[in-house]
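Commentary on secondary and tertiary structure
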Amino acid sequence: MSAQAALWEKPREDADVKIEPSWKEVLKDEFGKEYFKTLTEFVKSEYQHAVVYPAPKNIFRAFDLCPFDNVEVVILGQDPYHGPKQANGLCFAVGEGIPLPPSLQNIFKEIESDLEQPLKNRTGDLERWAKQGVLLLNATLTVRARTAGSHQGKGWEQFTDAVIRELSEKRENLVFILWGNYAKAKGAHIDRTKHLVIESAHPSPFSATKFFGSKPFSKTNEYLIEHNKKPIDWL
């Protein structure tokens, strides 16, 4: 299957994006906007002329694994990983069998410290979280190989702002976990009277000393339980 076929059906004016049906309905207005049409053409061209991550079938994987009404937690990342076989469509996650990047290693360390239990599952795919209602959303959904930030400013940020806005407006009592200044800035679209927003330093090695001890995982579960929701099994 070509990159174009994996992303979109045969070209049409409304940019018929192949994405999980509930998200397709919620975001249908975005797909018809001029910025998204421009983004579509840019992404198609990049896949045709360069090495781009993640694999086309995984661009909307975060949405496909976590339908709109299933979302209970949103973790926001920035770019997909730009190394071979790393990006898999879920922020901070990597493909099965791929060595854990430093940020993910630090996330796992914080889980064990926060919940005071050892991890049962140390694989980096994180699909197990997504299927429980954790939307693992990158602000930019594609990236050129070995070139961090190469697809920023092309329209993805506007699209993911719309995702956050729709969740904030149409759902209640969600948890948004924002790590680092970039994610915190995206949090401007969240109604904090309806949702819990947990902010801290980024789990990157450059800021991990401020990230450790922030306890986002226990705080999330306490909030979910308080609102009669099932806690996330982070382990």
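Between side chains of opposite charge, a pair can form as their charged atoms come close. For the coordinates displayed, the defined rule picks out 15 salt bridges. One salt bridge in this structure joins E30 and K33, with 2.9 Å as the shortest N-O distance. On the basis of relative accessibility, which here comes to 7%, the residue E30 falls in the buried class. On the basis of relative accessible area, K33 is assigned to the partly exposed category, the value being 35%. Through salt bridges that share partners, R61, D125, E127 and K131 make up one connected network.

With that out of the way, let us pick up the confidence of the model for the protein. Residues with a pLDDT of 70 or more make up 94% of the protein, whose mean pLDDT is 93. Residue range residues 1–6 is modelled with pLDDT below 50. Its contacts to residues more than four positions away, or to other chains, number 11 contacts. Predicted confidence is poor over residues 8–14, with pLDDT under 50, and the contacts of this stretch with residues over four places away or in other chains come to 14 contacts.

Here 4 strands make up an open sheet; going across it, the order is β3-β2-β5-β6 and the pairing parallel. The sheet terminates laterally at β3 (134–138) and β6 (196–200), the two strands that pair on one side only. Looking at each pair of strands side by side, their axes are set apart by 20° on average, direction ignored. Here strand β2 (residues 73–77) runs beside strand β5 (residues 175–179); their pairing, made up of 4 bridges, is parallel. Opposite I75, over in β5, you have I177 as the bridge partner. The sheet contacts of helix α8 (residues 156–170) involve β2, β3 and β5, and relative to β3 the element is tilted by about 155°. The strands touched by helix α11 (residues 216–226) are β2, β5 and β6; relative to β5, the strand with the most contacts, the crossing angle is about 165°.

What follows is about the pairing of β2. Across the 5 residues that make up β2, a large majority, 5, are buried. Residues of β2 alternate between two faces, with V73, I75 and G77 on one and V74 and L76 on the opposite face, all of them buried. Where β2 and β3 come together, 5 bridges link them in parallel fashion. Within the sheet, the bridge partner assigned to L76 lies in β3 and is L137.

On the secondary structure map, Q152 appears in the loop between β4 (143–144) and α8. With a relative accessible area of 29%, Q152 lands in the partly exposed category. Sequence separation between Q152 and K230 is 78 residues, and the spatial gap between their C-alpha atoms is 35 Å. Beyond its immediate chain neighbours, meaning those up to four positions away, Q152 contacts Q78, D79, T140 and E157. A distance of 3.4 Å separates the side chain of Q152 from the side chain of D79, its partner in a polar contact.

Calculation rules
Residues numbered from 1 in each chain as written. Predicted model: local features only at pLDDT ≥ 70, side-chain atom pairs only at ≥ 80, totals over all residues. Heavy atoms only, no water. Salt bridge = Lys/Arg side-chain N within 4 Å of Asp/Glu carboxyl O. Buried < 20%, exposed > 50% of the residue type's maximum accessible area, 1.4 Å probe, protein only. pLDDT = per-residue confidence, 0-100. Contact = heavy atoms within 4.5 Å. Pairing = 2+ DSSP bridges. Helix = DSSP H or I, 4+ residues; strand = E, 2+ residues; numbered from the N terminus. Axes fitted to C-alpha atoms, helices over the stretch in contact; angles between N-to-C directions. Polar contact = N/O pair within 3.5 Å; in protein donor to acceptor, adjacent residues only side chain to side chain.

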